[in-house]
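Take a look at the letters that make up each chain.
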Amino acid sequence: MSQKIIISPSILAADYGKLAEEITKVVDAGAEYIHIDVMDGHFVPNISIGVPVVQSIRKVTNAVFDCHLMISNPIDYVDAFISAGADLISFHVESNSDIEKTIKKITSAGKKAALVVKPNTPIDVVFPYLSEISMVLIMTVEPGFGGQSFMTDMLPKIKALRQEIERQALAVDIQVDGGVDAETAVLCKDAGANVLVAGSYIFKSPDVKKAIEILKA
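As the structure is a prediction and not an experimental result, all values here were calculated from the model.

S.K.: Hey, could you run me through the overall build of the protein in this one?
M.R.: Regarding its fold elements, the protein presents eight helices and eight strands. The burial tally for the protein puts 53% of its 217 residues in the buried class. Sequence-distant contacts in the protein: of pairs separated by 6 or more residues, those separated by 24 or more amount to 64%. Summed over its atoms, the accessible surface of the protein is roughly 9,300 Å², and 52% of this surface lies on carbon and sulfur atoms. For the protein, the distance from the average site of its 20 positive side-chain charges to the average site of its 27 negative ones is 4 Å.

As structure tokens, then:
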């Protein structure tokens, strides 16, 4: 079953001095989602942006805000990110929050929930929750820093997840994040992924529209 390919540029790689312009540029070039990496310096070693930035960039675009919470206690921040304008909230199965309760908190507010797995986490941990979520994000690098190389050994994980989604006859997206470019995007799509997060490849490209077209093609 072929899935619609959705592009979610990661603003981690954008120029923060002109963030509004950068977001407008990628949305005008065909990106459907904006991937917002939220890091707390605890769950991952880096610190990135929080609620006020999401709130301010919400005024810039109607694109889907795809908020990836790399934080220890995501359940405590769900309401704040929804109020700020998040449409889809993904959180880690490795976090301290109760998975079931966190999903319910997101979906009962009318937003989409997604689960994230780090490279060392087996994919079958998400299988019991597939009917309650909209997407699974498979990290193809260790979360916390941009610009890492794609881990090809994550491809079997994508395949196994796609098989399980089809076995359960569900419409769940598979997102990949980390080292996605023209070459690795093909591998991810062949394995069954349909939502591609790309930071450097899009934002550092001399022709953003072309970069997005290549990822979709």
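On we go.
S.K.: Whenever I open this one, unusual backbone geometry confuses me. Can you help?
M.R.: Most peptide bonds are trans, and most residues other than glycine sit at a negative phi. For Ala169, which is not glycine, the phi torsion reads 55° and is therefore positive. Within the element layout of this structure, Ala169 appears in the loop between helix 5 (155-167) and strand 7 (173-177).

S.K.: How should I be thinking about the packing of aromatic side chains in this particular structure?
M.R.: Here a ring pair, both rings aromatic, is described through the centre-centre distance and the interplanar angle of the planes. Throughout the structure, instances matching the rule amount to zero aromatic pairs. Its guanidinium or amino end placed over the ring of Phe65, Arg58 lies 3.7 Å from that ring's centre, counting from NZ or CZ. The aromatic ring of Phe43 is capped on one face by Lys118, whose charged end is 4.5 Å from the ring centroid.

S.K.: Can you help me understand helix 1 (residues 19-28) in this one?
M.R.: An α-helix turns once per 3.6 residues; consequently, residues spaced three or four apart project the same way. Three or more residues of helix 1 are buried, namely Leu19, Glu22, Ile23 and Val26. All buried residues of helix 1 lie within an arc of 95° about the axis, which places them on one face of the element. Within helix 1, the exposed residues directed more than 90 degrees away from the buried face are Glu21 and Asp28. Considering only its buried residues, helix 1 is in contact with strand 1 (6-9), strand 2 (33-39), helix 2 (51-58), helix 7 (200-203) and helix 8 (208-216). The positive-phi residue at the C-terminal boundary of helix 1 is Gly30, with phi of around 115°.

S.K.: How should I be thinking about the pairing of strand 5 (residues 112-117) in this particular structure?
M.R.: Moving residue by residue along a regular strand, the side chains alternate between the two faces of the sheet. Across the six residues of strand 5, five count as buried, placing the element largely inside the fold. For strand 4 (residues 88-92) and strand 5, the ladder comprises five bridges, and the chain directions are parallel. Residue Phe91 lies in a different strand from strand 5, and its bridge partner there is Leu115. In this region the chain leaves strand 4, passes through helix 4 (residues 99-107) and returns to the parallel neighbour strand 5; the handedness of that crossover is right-handed. Two strands pair when backbone bridges link them, and strand 5 and strand 6 (residues 135-139) are joined in this way by four bridges, in the parallel orientation. By the bridge assignment for strand 6, Leu115 is matched with Val136.

S.K.: When you look at the packing of helix 5 against helix 6 (residues 182-191) in this model, what are you seeing that I'm missing?
M.R.: A packed helix pair is summarised by two numbers, namely the angle formed by the two axes and the spacing between the axes. In contact at an axis separation of 8 Å, helix 5 and helix 6 are set at 30° when each is read in the N-to-C sense. The pairing of helix 5 with helix 6 is recorded here as roughly parallel in orientation. Contacts between helix 5 and helix 6 involve Leu155, Ile158, Lys159 and Arg162 from the former and Leu187, Cys188 and Ala191 from the latter. Its residues assigned to classes, the contact of helix 5 with helix 6 comprises five nonpolar, no polar and two charged.

S.K.: For this particular structure, what's the right way to read the sheet that holds strand 7?
M.R.: Two pairing modes exist for strands in a sheet, parallel and antiparallel, and in both the strands are linked by backbone hydrogen bonds. Overall, parallel pairing links the eight strands, which are arranged 1-8-7-6-5-4-3-2 in an open sheet. Of all strands in the sheet, those with a lone pairing partner are strand 1 and strand 2, marking the two edges. Shown here is a sheet whose adjacent strand axes are inclined to one another by a mean of 25°, direction ignored. With four bridges joining them, strand 3 (residues 64-70) and strand 4 adopt parallel strand pairing. Within strand 4, the position partnered with Asp66 by the bridge is Leu88.

S.K.: Explain the nonpolar core here, please?
M.R.: For soluble globular proteins, nonpolar side chains are generally found buried alongside one another. If you look at the biggest cluster of nonpolar residues, it comprises 63 residues, and the most contacted ones within it are Ile11, Ile36, Val126 and Leu161. Ignoring any residue separated from it by four or fewer positions in sequence, one finds Ile36 in contact with Ile11, Ile49, Val54, Ile57, Phe65, Asp66, Cys67 and His68. Counting residues in each nonpolar core, the second largest holds six residues, with Tyr33, Leu88, Ala114 and Val195 among its members.

Definitions and limits used
- Residues numbered from 1 in each chain as written.
- Predicted model: local features only at pLDDT ≥ 70, side-chain atom pairs only at ≥ 80, totals over all residues.
- Heavy atoms only, no water.
- Helix = DSSP H or I, 4+ residues; strand = E, 2+ residues; numbered from the N terminus.
- Buried < 20%, exposed > 50% of the residue type's maximum accessible area, 1.4 Å probe, protein only.
- Contact = heavy atoms within 4.5 Å.
- Areas by Shrake-Rupley, 256 points an atom, 1.4 Å probe, with all protein chains shown as cover.
- Lys, Arg positive; Asp, Glu negative; His and termini not counted.
- Charge placed at Lys NZ, Arg CZ, Asp CG, Glu CD.
- Phe/Tyr/Trp six-rings, centres within 6.5 Å; stacked < 30°, edge-to-face > 60°.
- Lys NZ or Arg CZ within 6 Å of the ring centre and 35° of its normal.
- Arc of directions from axis to C-beta.
- Pairing = 2+ DSSP bridges.
- Right-handed = clockwise from strand over helix to strand, strands pointing away.
- Axes fitted to C-alpha atoms, helices over the stretch in contact; angles between N-to-C directions.
- Parallel < 35°, antiparallel > 145°, perpendicular 65-115°, else oblique.
- Nonpolar A, V, L, I, M, F, W, Y, C, P; charged D, E, K, R; others polar.
- Core = buried A, V, L, I, M, F, W, Y, C linked by side-chain atoms within 4.5 Å.

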